[in-house]
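A structural walkthrough
Here are the chains, one letter per residue:
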Amino acid sequence: MINKIKDFLGVDIKNDKYALVDDKVFGKVAKQKAPTSWVRSTCGYCGVGCGLYIGVKDGKPTYTKGDPAHPVNKGTLCPKGLSEHEMVQSENRYTKPMLRKNGQLLESTWDEVFKTTSDKFKDIQKNHGNGAVAVVSTGQLLTEEFYTLGKFVQMGLKTNNYDGNTTLCMASAVMGYKQTFGSDGPVGCYEDFSYADTIMLIGANIADNHPILKLHIAKNKKITGKKPKIIVIDPRFSKTAKMADMFVPIKPRSDLALMNGLCHIILEQGWENEKFINERTTGYKEFRKHIMANYSPAEVAITTGIDVKDLYELARVYAKSSAAMSAWTMGVNQSSLGTDTVSAICNLALITGNLGRKGATALSITGQCNAMGTRETGFTSSIPGYRNFASSYDREEYATIANVPVEDVPTARGYSYPQIIDAIETGEIKALWLVATNPLVSFPDQKKLRRALNKLDLLVVQDAFKSETAFKADVVFSASTWSEKEGTYTNSERRCNRARKAVEPLGETKSDFDIVLEFSKYFEGVNESLFPKWEKPIDAFNEWKKLSEGRLCDYSGMTYELIEELGGVQWPCNEANPNGTPRLYSEDMPCRTEDGKAKLLSVDWLPMSEPQNSSFPLILNTGRTVEQWHTRTKTKTISILNDLAPEAWIEINPEDAKKLEVKSGDRLDISSIRGKIKDIIVRESQNVREGNIFVPFHYNEQLINTITKAEFDPKSFEPNYKQCAVQLHSIKVPNGITFKEEEIAGALEHIVIKNEQSYNTTKQASYTK
Ligand SMILES: Nc1nc2c(c(=O)[nH]1)N[C@H]1C(S)=C(S)[C@@H](COP(=O)(O)OP(=O)(O)OC[C@H]3O[C@@H](n4cnc5c(=O)[nH]c(N)nc54)[C@H](O)[C@@H]3O)O[C@H]1N2
Ligand SMILES: Nc1nc2c(c(=O)[nH]1)N[C@H]1C(S)=C(S)[C@@H](COP(=O)(O)OP(=O)(O)OC[C@H]3O[C@@H](n4cnc5c(=O)[nH]c(N)nc54)[C@H](O)[C@@H]3O)O[C@H]1N2
Ligand code: SF4
Ligand SMILES: [Mo]
């Protein structure tokens, strides 16, 4: 690895352990920006976890370049990674901590904001109990920061009402993995994309949102000698669908029925892997009975909108593969059936023996750069290292290693993010501390959220940028961000990557690690007992390593040096696996269930709670575009990104556009039972089927979460962001689209696609290629 870097860079970096390389590295870049040094780091946007170099000039980041030696991206970056340096010193940053005085948010000092906040927290906790202070964090801190924050919140503030924005994102994958394999933890790795002969992408638009994963698919032919079959399951003909050999234009939120239907066909045809089922799974008998009785191809065809013959072809391709890989993201997780859909995907993998082998896996692709960090280091549903609140053994083990009183370790889970919002509304929670999340754009049903937040006695926002939520805060802890701080991020394939500091924090901002450490000093005895002699992120990393030892997410064998030498290390990493473990549950690795076997679970599809109806006859699908990151605090000031997607748009089928007498470029209002958003530009497109529309959620100015529904998966509490019933209003047709009575009756039962013909006959959207 070192030699490879050396060859590419043409400089000897041996003595510098990859930290700094000089300007010769990447040749000439624009003169005024030409970096004088390069710092090796990791991208801070998405869960792919690309390695990169940050170019620095005059103490400012002026360039980003992919790391050619990094196994994830081999020198390439997507547009966000390539322009990442531009966000660091944008005008959208706070440079000082802020405090609201007489209604105005004004610049303050760290001492004043820490003192005001700690006094208020203490007062609230004294009068209303420890749980009256709640914390919601993110998937975008460094692992060292997560560990420090979690320890402070659970053991210092002694509240278990501590969740992350990851509940809006990964929670269904976490719960699905837990109920199937006995533990959370993505089971596969990117290498599987290069070895699978079938790759089934379910509700995952990787072309926009995880672009670098395409590299691993591109390598497949070279390695296996033949092109893999790519199946894309999505109600929308996304950019990713354009890569597909088989596009499955599924009816929204019917993936669980599809997976069960494919299992039915496989069992009926005898295509299952009996040996694997017998040796590695439990629950087969009941599972088989359930599937055969309830998911006949004919019924599944109605539920999913996919022809019976196509269902058979799909099942055949998947089952007959020597290695089949499924990978999913938000089209699956963000559903009130999210958890069970994840288990249904795993069921399909299990009955065909697609687990723990090269190319044979069921991989949940993570969203944020460190979505894994929150899950591993403890939050509302666990204490660090995937430990269980309810287990006295786990509590004692944690207390001993972390050197904290066992009686202080929470014994029960706290509220999830949506439950925290409800508890604010009922007055049970009085103070909310948000760390690196911006709910005033990202949370569903904004009216309800705003009603709740207005009831708070104190809103503290810890953010690096001037977010919409920070504008409403009583206190802003102004944080430094990517490139200004150091630690590690763990990506979708459990690979722990090093992120280095390249420049000093902007203005008076502090890293999230320093903020927590210093804030803890305002609580008597807390800093000394929880963080004795801690100064740097490595202190947190070292304690975290000890805590993770022997757990599935075992970091005990990692060091920062090893991580950099290997280009990231995949957990578990310990004495037995000193260079990490590419995939979980291979033949010699039992699952984390009591008997070490994976569970085949009988899970059921249910109709949507808010189907199309006469007032709201369209299904709204929300999601992302490659140019923007979430609530745009980072991307809206980067012109190369923002100019390509400066505002929201409505993707609408031409048949529906005709009914509304609009064409591309016109503007429409959208409403749901919860509210209305005005003036959104129309993009006519065959990519969405009739009766469905797609709108990106990034834009505060056209806030789509005004109309999305606060409906959550009962097991994971993840929002059902991808479907709700809406109406469109044009100037010419203000009352919007109308249905005939019998069509509505059909729509209530299933999501009706009234003119399948117009959708399916488009050139790209044909089913098989
Ligand atoms: N550029 C960019 N990249 C990002 C992000 C970003 O904001 N911008 N965010 C990051 C984060 S945190 C995340 S979580 C990921 C998200 O990555 P993705 O999950 O790929 O993103 P989405 O656009 O939310 O949704 C994915 C797809 O789900 C489809 N879908 C909707 N309903 C259904 C359904 O019922 N069934 C199926 N099968 N599919 C459905 C949508 O049509 C969409 O194409 O992206 C990460 N990467
Ligand atoms: N309708 C709809 N809504 C959705 C989704 C959808 O598909 N549809 N997707 C959901 C998903 S998957 C996700 S992950 C969420 C994302 O929702 P959010 O978490 O609200 O989105 P971000 O814009 O990433 O917010 C992160 C915040 O952290 C700040 N920040 C950045 N770096 C740092 C740092 O180093 N330290 C600190 N303290 N702050 C920092 C940013 O300025 C930003 O305000 O949105 C969810 N909302
Ligand atoms: S794919 Fe993700 S990690 Fe890689 S450069 Fe793009 S945003 Fe960064
Ligand atoms: Mo996410």
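Residues numbered from 1 in each chain as written. Chains lettered and ligands numbered in written order. Predicted model: local features only at pLDDT ≥ 70, side-chain atom pairs only at ≥ 80, totals over all residues. Heavy atoms only, no water.

The name that an unreviewed UniProt entry assigns to the chain is Molybdopterin oxidoreductase, with the source organism given as Poseidonibacter parvus.

1. Quick notes on the overall build of the chain
From N to C terminus, the chain includes 31 helices and 27 strands. Expected size for 769 residues packed as a compact globule is a radius of gyration near 27 Å; at 25 Å, the chain falls within 12% of this value. If one aligns the C-alpha atoms of the chain with their principal axes, the spans along those axes are about 65 × 60 × 60 Å. Long-range pairs, those at least 24 residues apart, make up 73% of the contacts in the chain with a sequence separation of at least 6. Surface summary for the chain: the accessible area is close to 27200 Å², and the carbon and sulfur share equals 50%. Averaging the positions of the 97 positive and the 96 negative side-chain charges in the chain gives two centres separated by 3 Å. (Helix = DSSP H or I, 4+ residues; strand = E, 2+ residues; numbered from the N terminus. Rg over C-alpha atoms; globule rule 2.2 N^0.38 Å. Contact = heavy atoms within 4.5 Å. Areas by Shrake-Rupley, 256 points an atom, 1.4 Å probe, with all protein chains shown as cover. Lys, Arg positive; Asp, Glu negative; His and termini not counted. Charge placed at Lys NZ, Arg CZ, Asp CG, Glu CD.)

2. So, the domain arrangement of the chain
Domains assigned within the chain are domain 1 (2-88), domain 2 (98-169 + 370-537), domain 3 (171-365) and domain 4 (618-768). Contacts between the two partners involve 11 residues from domain 1, matched on the other side by nine residues from domain 3. Each partner contributes to the roughly 710 Å² buried at the junction of domain 1 and domain 3, and carbon and sulfur atoms together form 69% of this total. It is Val-48, Val-72 and Cys-78 in domain 1 that bury the most area against domain 3; as a group they hold 50% of the surface buried on that side. Where domain 1 meets domain 3, there are zero salt bridges. (Domains from an automatic or database assignment. Buried area = accessible area lost by both parts, 1.4 Å probe. Salt bridge = Lys/Arg side-chain N within 4 Å of Asp/Glu carboxyl O.)

3. Describing the site of ligand 1
Around ligand 1, 34 residues are found, and the nearest of them are Asp-234, Arg-253, Asp-255, Arg-624 and Gln-628. In the environment of ligand 1, an oxygen atom lies 2.8 Å from a nitrogen or oxygen atom belonging to the backbone of Asn-205. A distance of 2.9 Å is found between an oxygen atom of ligand 1 and a side-chain nitrogen or oxygen belonging to Asn-621. Among the elements of the structure, helix H8 (206-209), helix H16 (330-333) and strand S22 (618-623) are those that each provide at least two residues to the shell around ligand 1. Structurally, the shell around ligand 1 is a two-domain feature, drawing no fewer than three residues from each of domain 3 (171-365) and domain 4 (618-768). (Near = heavy atom within 4 Å. Polar contact = N/O pair within 3.5 Å; in protein donor to acceptor, adjacent residues only side chain to side chain.)

4. Remarks on the sheet that holds strand S7 (residues 133-137)
One open sheet holds the seven strands; their spatial order is S6-S5-S17-S16-S15-S7-S8, and the pairing between them is mixed. Among the strands making up the open sheet, the edge pair consists of strand S6 (104-107) and strand S8 (162-164). Across the sheet, the mean angle separating the axes of adjacent strands is 20° when strand polarity is ignored. Pairing of S7 with strand S15 (residues 431-435), which is carried by four bridges, proceeds in the parallel orientation. Within S15, the position partnered with Val-135 by the bridge is Trp-433. (Pairing = 2+ DSSP bridges. Axes fitted to C-alpha atoms, helices over the stretch in contact; angles between N-to-C directions.)

5. Section: the site of ligand 2
Every one of the 32 residues lining ligand 2 counts as a neighbour, but Gln-140, Asn-165, Ser-442, Asp-463 and Thr-631 are closest to it. Backbone polar atom of Ser-480 to an oxygen atom of ligand 2: 3.4 Å apart, as the coordinates give it. In the model, a nitrogen atom of ligand 2 is placed 2.8 Å from a nitrogen or oxygen of the Asp-512 side chain. Calculation on ligand 2 without its partners gives an accessible area of 920 Å², and the protein chains cover 99% of this total. Of the residues that make up the shell around ligand 2, three or more belong to each of domain 2 (98-169 + 370-537) and domain 4 (618-768).

6. A short note on the packing of aromatic side chains
Taken as a whole and judged by the stated rule, the model has 28 aromatic pairs. Taking the centre distance of 6.3 Å and the plane angle of 50° together, the rings of Trp-110 and Phe-477 count as tilted. Taken together, the residues span a long stretch of sequence, with Trp-110 in helix H4 (residues 110-128) and Phe-477 in strand S17 (residues 475-478) at a distance of 367 residues. Here Tyr-417 and Phe-443 contribute two aromatic rings whose centre-to-centre distance is 4.8 Å and whose plane-to-plane angle is 45°, an arrangement assigned as tilted. A residue pair is termed long-range when its members are at least 10 positions apart, and Tyr-417 in helix H20 (residues 417-425) and Phe-443 in the loop between helix H21 (439-442) and helix H22 (446-453) qualify at 26 residues. No difference in accessibility class separates Tyr-417 from Phe-443, as the two residues are buried. Every member of this aromatic cluster is reached through a ring pair, and the members are Trp-110, Phe-114, Phe-121, Phe-152, Trp-433, Phe-477, Phe-519, Tyr-522 and Phe-523. Positioned above the aromatic ring of Phe-465 is the side chain of Arg-93, whose terminal nitrogen or guanidinium carbon lies 5.5 Å from the ring centre. The cationic tip of Arg-683 hangs over the ring face of Trp-649; the distance from NZ or CZ to the ring centre is 3.9 Å. (Phe/Tyr/Trp six-rings, centres within 6.5 Å; stacked < 30°, edge-to-face > 60°. Buried < 20%, exposed > 50% of the residue type's maximum accessible area, 1.4 Å probe, protein only. Lys NZ or Arg CZ within 6 Å of the ring centre and 35° of its normal.)

7. Quick word on unusual backbone geometry
Most peptide bonds are trans, and most residues other than glycine sit at a negative phi. The residue after Trp-571, namely Pro-572, is reached through a cis peptide bond having omega 0°. Mapped onto the fold, Pro-572 is located in the loop between strand S20 (569-570) and strand S21 (598-599). The residue Lys-533 is not glycine, and still its phi comes out positive at about 60°. With respect to the helices and strands, the residue Lys-533 is situated in the loop between helix H25 (526-530) and helix H26 (537-548).

8. Concerning the pairing of S7
Within a regular strand, side chains alternate between the sheet's two faces. Most of S7 is tucked away, with five of its five residues classed as buried. Neither face of S7 is exposed, since Val-133, Val-135 and Ser-137 on one face and Ala-134 and Val-136 on the opposite face are all buried. In the sheet, S7 pairs with S8 via three bridges, with the strands oriented parallel. What sits directly across from Ser-137, in S8, is Gly-164.

9. Observations regarding the pattern of salt bridges
Per the counting criterion, the structure on display carries 44 salt bridges. Linking Asp-245 and Lys-227 is a salt bridge whose minimum nitrogen-to-oxygen distance equals 3.5 Å. Of this pair, Asp-245 sits in the loop between strand S10 (229-233) and strand S11 (246-248) while Lys-227 sits in the loop between helix H10 (220-224) and S10; the two residues are 18 residues apart in sequence, bridging distant segments of the chain. You can call Asp-245 buried: its relative accessible area is 15%. Exposure remark for Lys-227: the relative accessible area of 53% places this residue in the exposed category. Residues Asp-394 and Arg-551 are paired through a salt bridge, measuring 3.9 Å at the closest nitrogen-oxygen approach.

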